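# Overview (structure and organization)
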Amino acid sequence: MTTAPSAGLRPARVIVNTLTVGLVLVWLFPIYWIFLTSLKTPKEINKKTPTLLFEPTLENYRHLFDEFHFARILKNSTIIVGLTTAIVMVLALLAAYALARMNVPGGKHIALWMLSLRFMPPIAVVIPFFITWQKLHLTDTHLGLVLIYVAFNLPFAIWMLRGFLVEVPRDLDEAATLDGLGHLAIIRKIILPVIAPGAAVTAIFTFVFAWNEYLMALVLTSHEATTVPVTVSKFIQAYSILWGDVGASAVIELAPMLVVVFLLQRHIMRGITLGAVK
Amino acid sequence: MTVVLTDITKAYGTQHVAVKDLDLDIKDGEFFTLLGPSGCGKTTTLRMIAGLEQVTNGTIAIHGRDVTHVPARLRDVAMVFQSYALYPHMTVHENLALNLKVKGLPKAEVEQRVQQVATMLRIDQVLKRKPGQLSGGQRQRVALGRAIVRRPNVFLMDEPLSNLDLKLREETRTELKKLHEDLRITTVYVTHDQSEALVLSDRIGVMNDGRLLQVGGPHEVYSRPADVFVARFIGSPSINLLEARLHRDGDGLWVDVSVPGGAGLRHRLPDATARALSNGHAHDALTLGIRPEDFLIRRSSAPGRLAASVDFIQPMGAISYAILRLPGGDAVIRERDHLIAATDPDDPIERGTQVWLEPRSDRICLFDQQTGRAVG
């Protein structure tokens, strides 16, 4: 008779599950459609009635890599985003630790002030950045974009990590201090492993922001350091739109994020709920 | 290793002073307990010894070396936290071995020491587990083990038993005592549980409001409290306190508790007390303290015995406590509205029975009503 209560809940659960599946399908459909487009020939793409059954081709991918040197662009994005994420994480962790643990005068206000930097619309600063970067010979370089992405992501990452850090009992730091560890060793050996889920979420946010960033990359790069989102926009040309290349590049752009999120989804869930339940 | 605190003060800002002018001399190998209510400054004192709090004024020396400004990690003191503070992502083995690895000890020695301590504390079966997979008692032992494995100068323990249930707490208390007997490492223990302090300690320092009120052996602080606060804080049920007056009569000095309309208490002070009081004490108004087990219940009246009626009986197993009211009014009783006296459960007393109380002759405490300090 233990199944009785769940049997009572079943209709409600069916409705919720149906709605959930429906919602997921609505969200997934554009991705599915882009994936299909990337495998179609231009003729198939431009058919008046869209088809679901067709002979798939990798022609668009070949075109992308041969004609648009997409391998180099992908490498640019990977270097810039990888460096940005690594630098942001190291600096943010150190800053968050200082703010959370070291009795910095007005630490709370500093954290909020840093976050407020994120309120600034990038369009407002893109031209001054362009002029400055040109004078510093940083336009169209990996370093130029990395510096900007670090500056844009750091406040949010500090604020987020600080939130995870204040949830870690101070006793742990103190026990580690008495065990003979210095601040850096405490961060590396104690704090980081304990807030790993939170750190993973912060890293994903940084990664996603930098990977998708369009405006700064468009203005500050032209050829050498251009990134994936900027390149995708170039397929919309004066007289035609290269839908096949748009589809293929969009699939490639999505892939790393899907992989990262899929691999870290357990941590993401824990990171989002970290500190919610003692 | 000795621990000497000289004139220690800890202030937060200009308003809050957590510890005031504290002097303390903890002997080598001693089990010393700082006892007091929440917020009395005992944990702050412990944290200052550890180096986790900076002193505002004064000096701290460990084994003759001034460590006042030495960082915590270089003081070689081990602390057991109330929360245990085990590293949640490390196994028990890693928790125990961390300090030894930081010190750069050879792998074989680390292994040997960890095994030895784990066996001693009966946690050798759980070395591969993480703290989250352990019971409360096991976590507590790992926390202890983490301190022991280091063979430190000093053990510092901040209410390490308070998260255990009563039975486990009593068991661990005994183990802790035995462990100290075996290792004889200087231990500073903080608790608000007076029974824990009495059982474990070689000496106890009772604190209140940032001040150290008395330092002495368990028997001394119990039977000869230096302050009315100490008298009240130590002992369960707590001491009976009565408003009394000194009275000189012929050959001796007497202490009187007058109850309006009833038979008051009149007790002749022992000669030594009388002499001390005649020499030093100016006020006649005193607080008289009598422990429940030192208040004898008599079935018949006699001059000097305090008349009372039995309100009810609290049986505690080996002993019972009679809750007593004074027919003439409870105004002379301080801190509460009744008296408590121990009775023999084999000689039961009915509720409402009229009885007479007298103190065991030399087992009374006298305190100055103004300062609260012991006199005589």
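Shown above is the structure to which this text applies.
This section reports on the structure supplied with the text. (Residues numbered from 1 in each chain as written. Chains lettered and ligands numbered in written order. Predicted model: local features only at pLDDT ≥ 70, side-chain atom pairs only at ≥ 80, totals over all residues.)

### Describing the overall build of chain B
In terms of regular secondary structure, chain B is built from nine helices and 21 strands. With respect to the principal axes defined by its C-alpha atoms, chain B has extents near 80 × 45 × 35 Å. Partitioning the intrachain contacts of chain B with sequence separation of at least 6 by distance along the chain shows that 65% fall at a separation of at least 24. (Helix = DSSP H or I, 4+ residues; strand = E, 2+ residues; numbered from the N terminus. Contact = placed C-beta atoms within 7 Å.)

### What about the environment of G107 of chain A?
All names here are of chain A. Take G107: it is sitting in helix α5 (residues 107–116). On the basis of neighbour count, G107 is assigned to the partly exposed category, with 16 C-beta atoms found within 10 Å. Taking the C-alpha atoms as reference points, G107 and A96, eleven residues apart in sequence, are found 9.6 Å from one another. (Buried ≥ 20, exposed ≤ 12 C-beta atoms within 10 Å, placed from the backbone.)

### With respect to the nonpolar core
One finds A92, A96, I158 and L161 of chain A together with L156 and V188 of chain B to be the most contacted residues of the largest nonpolar core, which totals 152 residues. By residue number, the principal contributor to this core is helix α7 (residues 142–166) of chain A, which donates 14 residues. Apart from the residues within four sequence positions on either side, A92 of chain A is in contact with L154, A157, I158, L161 and T202 of chain A. Counting residues in hydrophobic clusters, the runner-up holds ten residues, among them I73, V228, V232 and A248 of chain A. (Core = buried A, V, L, I, M, F, W, Y, C linked by C-beta atoms within 7 Å.)

### Focus: the packing of helix α4 (residues 70–101) of chain A against α7 of chain A
Each packed pair of helices is defined by two parameters, the angle between the axes and the distance between the axes. All names here are of chain A. With their axes 6 Å apart at the nearest point, α4 and α7 run at an angle of 40° to one another. Considering the relative orientation of α4 and α7, their crossing is right-handed. Looking at the contact of α4 with α7, its residues break down into 24 nonpolar, four polar and one charged. (Axes fitted to C-alpha atoms, helices over the stretch in contact; angles between N-to-C directions. Left-handed = near helix turned anticlockwise from the far one by under 90°. Nonpolar A, V, L, I, M, F, W, Y, C, P; charged D, E, K, R; others polar.)

### Focus: the interface of chain B and chain A
Counting from both sides, the interface comprises 17 residues of chain B and, opposite them, 14 residues of chain A. Within the side of chain B that touches chain A, the residues separate by chemical class into twelve nonpolar, three polar and two charged.

### As for the environment of F164 of chain A
Its place among the elements puts F164 of chain A in helix α7. Given 22 C-beta atoms within a 10 Å radius, F164 of chain A is considered buried.

### What about the sheet that holds strand β6 (residues 77–80) of chain B?
The pairing of strands in a sheet comes from backbone hydrogen bonds and takes either a parallel or an antiparallel form. All names here are of chain B. Across the sheet, six strands lie side by side as β6-β7-β8-β3-β9-β10; this open sheet has mixed pairing. Single-partner strands in this sheet number two, and they are β6 and β10 (211–216). Taken over all neighbouring pairs, the strand axes of this sheet differ in orientation by 20° on average, direction set aside. Note that strand β7 (residues 154–158) and strand β8 (residues 187–191) share four bridges and pair parallel. (Pairing = 2+ DSSP bridges.)

### Quick look at the pairing of β10 of chain B
All names here are of chain B. Direction of pairing for strand β9 (residues 203–208) relative to β10: antiparallel, over a ladder of five bridges. Bridge pairing in β10 links G205 to V215. Linkage of β9 to β10, two consecutive antiparallel strands, is achieved through a turn of two residues, within which D209 is found at a positive phi near 55°.

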